[in-house]
Amino acid sequence: SDETTDIVIVGGGGAGMTAAIEAHNKGASVILVEKMPMLGGNTVRAEGGLNAAGTPYQKAAGIEDSPELHYQDTMTGGHNLNNPDLVRTLTENAAASVEFLKENGAELSEVGRAGGASVNRIHRPAGGEAAGNFIVVALKKKLQDEKIDVRLQTTATEIIKNEEGTVTGIKVKDKEGKESTIQAKAIILAAGGFGANLEMVTKYQPGLAGFSTTNHAGATGDGTTMAEQIGVKLVDMKEIQIHPTTIPGKGVLITEGVRGDGAILVNAEGKRFTNELLTRDVVSKNILAQTDKIAYIIFNDELRANLKATEVYFGMDLVKQGDTVEQLASEIGVDPAALAETVSKYSGYVADKNDADFQRPDLTLSLATGKYYAIQVTPGIHHTMGGVAINTKAEVLDTSDQIIPGLYAAGEVTGGVHGANRLGGNALADIVTYGRIAAEEAVHSLGSK
Ligand code: ADP
């Protein structure tokens, strides 16, 4: 049985939900298909926040920033492999994405620091809630309030392209396995990445065999694979980010905000070994060089009080504790004298505003007082930077760099925005910004059909 709509969206994570709301607001009829029993994808797991420069919240906090500086940080963080035009568009429109979220019930009013950022730029909800869940809950409510047609447990299996090379719809399978076709004037691919598909990961990065993943089970690269089958160009497929601080086997990561707010990393010998605020790839590499490829994130009660997101880790029983540094050291099997020396030396650096060992730039929190906490972490597969090639209008390109009419893409399914390494906070910026752009352009194209 065939159905027809203006715009069909594949994937109900942050990019797809944003695109659905924006397209609906602009007057298009929309169907969103999501293969899992719930919306949210990897987005719901994003804890950090959204990078944007030039927002009223930065201004209120006296932070000087600009899209240009956000651009420079993103390019540097991505080792300049990023597509510069895509990064320009991202950084010039991210502040409007914060505004979009506010209008849709997800105000990100607090601004913090994240790895690879020159200034405080990562926007998150006030009160320390995890940003991804906060956004997903708000957008889900909006989808419901607006009665937008969302179909869960409905998997897109194929993108349909006609003889002229125009994309005209998708094939889907519902939860009973029943197949049907949805014809649409425009298709927005927002099916996320492939970080939970180890076979696909190791096809592009054999060195990652055996790594655990932070991704949700639906991150299997369907969007990328379906696109490739109709001649879409794929870019940067081997660029796969490992997150430095994950909990093996649990699909959990410890948000960068913990380090950003003042936690340090120590190794099994109780010693610091890195500037904790370096980019994810470098911090990961530095942890992998330590004994057993593990590190401990060390923080105290003051940080716990400042960053409510940490309560989740306590709830999951991931945190070891001690009234003194020595007690904590015994709990985690690290030499107490060594850890005590490391912590007191670090607190001295905070007092001096100078990290003589690793030149950490942001020394805001002294660890001179307890109670003390530790979480054992190791790097895990986190984000697939590569994916389908798009231009700044979120139009999808074929292997000859020609636009494929009718096909748009946004979010982790795309490649080129993050280059060789994604900065923390740029995923939410990416999905909301390109989700909006994909919807605007798709709606715009309806006029000519
Ligand atoms: P992004 O951050 O780019 O929005 P997410 O991982 O948050 O990416 O969301 C992508 C969503 O797409 C996930 O919820 C995932 O289950 C869904 N998805 C993946 N493949 C398909 C498919 N073949 N059909 C429908 N939904 C899909």
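All values derive from a computational prediction rather than experimental measurement.

## Comments concerning the overall build of the protein chain
Step number 1: Each helix and strand in the protein chain was counted, giving 14 helices and 20 strands.
Step number 2: By the compact-globule yardstick of 22 Å for 449 residues, the protein chain fits well, its C-alpha radius of gyration being 22 Å.
Step number 3: Along the longest, intermediate and shortest principal axes, the C-alpha atoms of the protein chain span 70 × 45 × 40 Å.
Step number 4: Across the protein chain, the fraction of contacts at a sequence separation of at least 24, relative to all contacts at a separation of at least 6, is 72%.
Step number 5: Counting only carbon and sulfur atoms, one obtains 48% of the accessible surface of the protein chain, whose full area is about 17200 Å².
Step number 6: Considering the protein chain, the positive charge centre built from 41 side chains and the negative charge centre built from 57 side chains are found 2 Å apart.

## A closer look at the confidence of the model for the protein chain
Step number 1: Overall, the prediction assigns the protein chain a mean pLDDT of 96, with 99% of residues at 70 or greater.
Step number 2: Confidence metrics for the complex model read pTM 0.88 and ipTM 0.99.

## Side note on the UniProt feature "domain: FAD-dependent oxidoreductase 2 FAD-binding" (unreviewed entry) in the protein chain
Step number 1: Listed under "domain: FAD-dependent oxidoreductase 2 FAD-binding" (unreviewed entry) in the UniProt record, and renumbered for this structure, are residues 6-428.
Step number 2: Taken end to end, residues 6-428 has its terminal C-alpha atoms 26 Å apart, with 31% of it in helix and 23% in strand.

## Quick look at the nonpolar core
Step number 1: Core analysis: the largest hydrophobic core is formed by 76 residues, its most contacted members being Ile 7, Ile 9, Leu 50, Leu 101, Ile 170, Leu 407 and Tyr 434.
Step number 2: When residues in this core are grouped by element, the largest group, 11 residues, is from helix α14 (residues 426-446).
Step number 3: Apart from residues lying up to four places away in sequence, Tyr 434 is in contact with Asp 85, Leu 86, Thr 89, Leu 90, Ile 390, Asn 391, Thr 392, Ala 394, Ala 410 and Val 417.
Step number 4: Core analysis: the next-biggest nonpolar cluster, separate from the first, contains 42 residues, Val 266, Ile 287, Ala 329 and Val 343 among them.

## Quick look at helix α3 (residues 67-77)
Step number 1: Residues of α3 that are buried: His 70, Tyr 71, Asp 73, Thr 74, Met 75 and Gly 77.
Step number 2: Along its buried surface, α3 packs onto β3 (50-51), α4 (84-103) and α14.

## Comments concerning the sheet that holds strand β20 (residues 414-415)
Step number 1: Overall, mixed pairing links the 3 strands, which are arranged β10-β17-β20 in an open sheet. What marks the edges here is a single partner per strand, and that holds for β10 (234-235) and β20.
Step number 2: Bridge count for strand β17 (residues 387-389) against β20 is 2 bridges, and the pairing is parallel. By the bridge assignment for β20, Val 388 is matched with Thr 414.

## Some remarks on the site of the ligand
Step number 1: Taken together, 26 residues form the shell around the ligand, and within it Glu 34, Asn 42, Thr 43, Asp 222 and Glu 412 come nearest.
Step number 2: Within the backbone of Gly 14, one N or O atom sits 3.1 Å away from an oxygen atom of the ligand.
Step number 3: A distance of 2.9 Å is found between an oxygen atom of the ligand and a backbone nitrogen or oxygen belonging to Asn 42.
Step number 4: About the coverage of the ligand: the protein hides 98% of its 580 Å² of free accessible area.
Step number 5: When the residues that make up the shell around the ligand are grouped by side-chain class, the tally is 8 nonpolar, 14 polar and 4 charged.

## Digging into helix α9 (residues 280-288)
Step number 1: Residues of α9 that are buried include every one of Arg 280, Val 283, Ser 284, Asn 286 and Ile 287, and no others. Buried residues in α9, looked at end-on, bunch into an arc of 165°, giving them a common side.
Step number 2: Among the structural elements, β11 (240-247), α8 (256-260), β13 (264-266), β14 (295-300) and β16 (372-384) are those in contact with the buried residues of α9.

## Notes on the packing of aromatic side chains
Step number 1: Under the definition given, this model contains 4 aromatic pairs.
Step number 2: On the basis of an interplanar angle of 90° and a centroid distance of 6.3 Å, the ring pair of Phe 299 and Phe 314 is categorised as edge-to-face. A residue pair is termed long-range when its members are at least 10 positions apart, and Phe 299 in strand β14 and Phe 314 in helix α11 (residues 311-315) qualify at 15 residues.
Step number 3: Overall, Phe 299 belongs to the buried group, its relative accessible area being 0%.

## What to know about the pairing of strand β19 (residues 403-409)
Step number 1: By the criterion of burial, β19 is predominantly enclosed, with 5 of the 7 residues buried.
Step number 2: Bridge count between strand β9 (residues 179-189) and β19: 3 bridges; the pairing is parallel. Considered in β19, the bridge of Ile 187 is made with Leu 407.
Step number 3: The sheet contact formed by strand β18 (residues 395-397) and β19 spans 2 bridges and is antiparallel. By the bridge assignment for β19, Glu 395 is matched with Tyr 408.

## A few points about the side chain of Glu 239
Step number 1: Counting through the fold element by element, Glu 239 comes out in the loop between β10 and β11.
Step number 2: When its relative accessible area of 14% is taken as the criterion, Glu 239 is described as buried.
Step number 3: With residues near it in sequence (within four places) discarded, Glu 239 still touches Leu 81, His 383, Thr 384, Met 385, Gly 386, Gly 419 and Ala 420.

## A few points about the sheet that holds strand β5 (residues 122-124)
Step number 1: Reading across from one edge, β3-β5-β4 is the order of the 3 strands in this open sheet, with antiparallel pairing throughout. In the strand order of this sheet, the two ends are held by β3 and β4 (110-112), each with one partner.
Step number 2: The pairing of β4 with β5 spans 3 bridges and is antiparallel. In the sheet register, Glu 110 faces β5, and the bridge partner there is Arg 124.

## A look at the pattern of salt bridges
Step number 1: Under the defined criterion, the tally for this structure stands at 21 salt bridges.
Step number 2: Close ionic contact of Arg 124 with Glu 110 constitutes a salt bridge, the shortest N to O distance being 3.1 Å. Separated by 14 residues along the polypeptide, Arg 124 in strand β5 and Glu 110 in strand β4 bring together distant segments of the chain.
Step number 3: Taking the relative accessible area as the measure of exposure, Arg 124 reaches 10% and is therefore buried.
Step number 4: With its nearest N and O atoms 3.9 Å apart, the salt bridge here joins Glu 256 to Arg 259. One end of the pair is Glu 256 and the other is Arg 259, both in helix α8 and 3 residues apart, which spans about a single turn. Of the two residues, Glu 256 and Arg 259, both sit in the buried class.

Cut-offs applied
- Residues numbered from 1 in each chain as written.
- Predicted model: local features only at pLDDT ≥ 70, side-chain atom pairs only at ≥ 80, totals over all residues.
- Heavy atoms only, no water.
- Helix = DSSP H or I, 4+ residues; strand = E, 2+ residues; numbered from the N terminus.
- Rg over C-alpha atoms; globule rule 2.2 N^0.38 Å.
- Contact = heavy atoms within 4.5 Å.
- Areas by Shrake-Rupley, 256 points an atom, 1.4 Å probe, with all protein chains shown as cover.
- Lys, Arg positive; Asp, Glu negative; His and termini not counted.
- Charge placed at Lys NZ, Arg CZ, Asp CG, Glu CD.
- pLDDT = per-residue confidence, 0-100.
- UniProt positions renumbered as here; feature names shortened; annotations may be inferred.
- Core = buried A, V, L, I, M, F, W, Y, C linked by side-chain atoms within 4.5 Å.
- Buried < 20%, exposed > 50% of the residue type's maximum accessible area, 1.4 Å probe, protein only.
- Pairing = 2+ DSSP bridges.
- Near = heavy atom within 4 Å.
- Polar contact = N/O pair within 3.5 Å; in protein donor to acceptor, adjacent residues only side chain to side chain.
- Nonpolar A, V, L, I, M, F, W, Y, C, P; charged D, E, K, R; others polar.
- Arc of directions from axis to C-beta.
- Phe/Tyr/Trp six-rings, centres within 6.5 Å; stacked < 30°, edge-to-face > 60°.
- Salt bridge = Lys/Arg side-chain N within 4 Å of Asp/Glu carboxyl O.

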